[in-house]
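# A structural walkthrough
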Amino acid sequence: QKEVEQNSGPLSVPEGAIASLNCTYSDRGSQSFFWYRQYSGKSPELIMSIYSNGDKEDGRFTAQLNKASQYVSLLIRDSQPSDSATYLCAVSLSGNTPLVFGKGTRLSVIA
Amino acid sequence: KAGVTQTPRYLIKTRGQQVTLSCSPISGHRSVSWYQQTPGQGLQFLFEYFSETQRNKGNFPGRFSGRQFSNSRSEMNVSTLELGDSALYLCASSLPRGEETQYFGPGTRLLVL
C-alpha cells in the first residue's frame, strides 16, 4: 500500500515568517513529487514539482527532496495571509502511474 | 489557454440513483484522471484515461466507471448511489506519456440524500 503522510495541522505561523511543510512517502521507488495548494472550497493548484534530490526554488517557495530519507518538504518564505490554505503532497512512481496524495496540511498565516 | 472544465458544478441526488459527470481537459492534454475528495479520506484516485483507454484504476467498487472520447473529453458514472458517495469529484488533465504534472478542474460537488 503506497502511502503519503502529512501532519494535518493546523500549522500557524505569523505573517513574514517561514512556513515549513513536511511529507514522507512509503514507496522507495517513487520518482516524482508535487506540492499542491488548495483553498477552502476550491480545487488543488500546482505549486511545485521536484524530481531530483536537493532544493528547487520558485519565488517564495522552495521544495526539498531527500530520496534516501523518503522525505519531501515545502518552505514558504515571507508567509502572507493569502498563503493560508491546505497544502497537499503528491507522489508517483513514474509518468504512467497515478498520483498518491497525502491528506494535506492546513496552514494558517496570522497577520 | 482555457483550463479544465467540469460539469455540472453541483449535484443533488438520492440513494439508488445514478449520476454522470463530465470533464473537458486542457486543449492538447490527452490524459484525464478522476479523483474523489472527502474530508475523511482526502484525495483518492478513481481512474485515469489516456487515448480513450483506461490506463490505471483505483480501489473503488464497480459502481464507479468512466470513459474517454476521441476528443479527450471524459465522463465518469456512478450507479446505485450511496450516502457515502457524497464528495467533491475532481478531474485533472495532463500532457501525454512522460509528463506527470496534473492540472485540476473546479470539481463537481455531489450530495447524495
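Scroll up to find the structure this text is about.
Note that the structure is predicted; figures quoted are calculated from it, not measured.

So, on to a nonpolar patch on the surface. Residue and element names in this part refer to chain B. A cluster of nonpolar side chains, namely Ile12, Leu111 and Leu113, defines an oily patch on the protein surface of about 300 Å² accessible area. Note that leucine 111 resides in strand E11 (residues 108–112). Using a relative accessible area of 39% as the deciding quantity, one classes leucine 111 as partly exposed.

Here the focus is unusual backbone geometry. At the junction of glycine 9 of chain A and proline 10 of chain A, the peptide bond is cis and its omega measures out at 10 degrees in the coordinates. Cis geometry marks the peptide bond from threonine 7 of chain B to proline 8 of chain B; its omega dihedral reads -10 degrees. Assignment of secondary structure puts proline 8 of chain B in the loop between strand E1 (5–7) and strand E2 (10–13). At aspartate 78 of chain A, a position not held by glycine, the phi torsion is positive, near 50 degrees. Within the fold, aspartate 78 of chain A resides in the loop between strand E8 (71–76) and strand E9 (85–92). On the basis of relative accessible area, aspartate 78 of chain A is assigned to the partly exposed category, the value being 40%. Not every positive phi belongs to a glycine, and glutamate 52 of chain B is a case in point at roughly 70 degrees. Of note, glutamate 52 of chain B is situated in the loop between strand E5 (42–50) and strand E6 (53–57).

Attention shifts here to the pattern of salt bridges. Following the criterion strictly, the structure yields eight salt bridges over all chains and no others. A single salt-bridge network, built from bridges that share partners, covers Arg63, Glu82 and Asp85 of chain B.

With that out of the way, let us pick up the sheet that holds strand E8 (residues 74–78) of chain B. Paired through their backbone hydrogen bonds, the strands of a sheet run either parallel or antiparallel. Residues and elements named next belong to chain B. Within the open sheet, the four strands sit side by side as E1-E3-E8-E7. Their pairing is antiparallel. Single-partner strands in this sheet number two, and they are E1 and strand E7 (64–68). The sheet shows a mean angle of 20 degrees between the axes of neighbouring strands, taken without regard to direction. Of the pairings in the sheet, the one linking strand E3 (residues 19–24) to E8 comprises five bridges and is antiparallel in character. Bridging across to E8, threonine 20 finds its partner in asparagine 77.

Ranked by size, the top nonpolar core spans 23 residues in total, and within it Trp35, Val72, Leu74, Ile76 and Tyr87 of chain A carry the most contacts. In this structure, Val4, Leu11, Leu46 and Ala87 of chain B belong to the second largest nonpolar core, which totals 21 residues.

For the rest of this paragraph, the subject is the packing of aromatic side chains. Inspection of every chain in the model, using the stated rule, returns ten aromatic pairs over all chains. Ring plane angle 70 degrees and centroid distance 6.0 Å describe the contact between phenylalanine 101 of chain A and phenylalanine 104 of chain B, whose orientation is recorded as edge-to-face. Note that phenylalanine 101 of chain A is positioned in strand E10 (residues 100–101) and phenylalanine 104 of chain B in strand E10 (residues 103–104), a pairing that runs across two chains. Exposure class is identical for phenylalanine 101 of chain A and phenylalanine 104 of chain B. Each is buried. Here the aromatic cluster, defined as three or more aromatic residues joined through ring pairs, consists of Tyr36 and Phe101 of chain A together with Tyr35, Phe45 and Phe104 of chain B. A cation over an aromatic ring shows up here: arginine 60 of chain A above the ring of phenylalanine 61 of chain A, its NZ or CZ 5.5 Å from the ring centre. Above the plane of the ring of phenylalanine 50 of chain B lies arginine 55 of chain B, whose end atom (NZ or CZ) is 4.6 Å from the centre.

Quick look at the interface of chain B and chain A now. Taken together, the contact pairs 19 residues of chain B with 18 residues of chain A. There are zero salt bridges connecting chain B and chain A. Put simply, chain B and chain A have four residue pairs in polar contact (both at pLDDT 80 or more) between them. Elements with a minimum of two residues in the side of chain B that touches chain A: strand E4 (31–38), E5, E6 and strand E9 (87–94) of chain B. Per element, the largest residue contribution to the side of chain B that touches chain A is three residues, and it comes from E5 of chain B. By residue class, the composition of the side of chain B that touches chain A is seven nonpolar, eight polar and four charged.

Moving on to the state of the cysteines. One pass over the structure, following the stated rule, counts two disulfides over all chains. In this model, cysteine 23 of chain A is linked to cysteine 89 of chain A through a disulfide, with the two sulfur atoms separated by 2.1 Å. Looking down the S-S bond of the cysteine 23 of chain A and cysteine 89 of chain A bridge, the torsion is -70 degrees, so its handedness is left-handed. Residue cysteine 23 of chain A is located in strand E3 (residues 19–25), and its partner cysteine 89 of chain A is located in strand E9; the two are separated by 66 residues in the primary sequence. Taking relative accessible area as the criterion, cysteine 23 of chain A reaches 1% and is therefore assigned buried. Judged by relative accessible area, cysteine 89 of chain A falls into the buried class, the value being 0%. Note on cysteine connectivity: cysteine 23 of chain B is disulfide-linked to cysteine 91 of chain B, with sulfurs 1.7 Å apart. Between cysteine 23 of chain B and cysteine 91 of chain B, the S-S torsion sits near -45 degrees, and that sign places the bridge as left-handed. On the criterion of sequence distance, the pair formed by cysteine 23 of chain B in strand E3 and cysteine 91 of chain B in strand E9 is long-range, its members being 68 residues apart. As far as the burial class goes, cysteine 23 of chain B and cysteine 91 of chain B line up, both buried.

Rules behind the numbers
Residues numbered from 1 in each chain as written. Chains lettered and ligands numbered in written order. Predicted model: local features only at pLDDT ≥ 70, side-chain atom pairs only at ≥ 80, totals over all residues. Heavy atoms only, no water. Patch = residues over 30% accessible without salt bridge, like charges linked within 9 Å, V, L, I, M, F, W, Y side chains within 5 Å. Areas by Shrake-Rupley, 256 points an atom, 1.4 Å probe, with all protein chains shown as cover. Salt bridge = Lys/Arg side-chain N within 4 Å of Asp/Glu carboxyl O. Helix = DSSP H or I, 4+ residues; strand = E, 2+ residues; numbered from the N terminus. Buried < 20%, exposed > 50% of the residue type's maximum accessible area, 1.4 Å probe, protein only. Pairing = 2+ DSSP bridges. Axes fitted to C-alpha atoms, helices over the stretch in contact; angles between N-to-C directions. Core = buried A, V, L, I, M, F, W, Y, C linked by side-chain atoms within 4.5 Å. Phe/Tyr/Trp six-rings, centres within 6.5 Å; stacked < 30°, edge-to-face > 60°. Lys NZ or Arg CZ within 6 Å of the ring centre and 35° of its normal. Contact = heavy atoms within 4.5 Å. Polar contact = N/O pair within 3.5 Å; in protein donor to acceptor, adjacent residues only side chain to side chain. Nonpolar A, V, L, I, M, F, W, Y, C, P; charged D, E, K, R; others polar. Disulfide = S-S within 2.5 Å.

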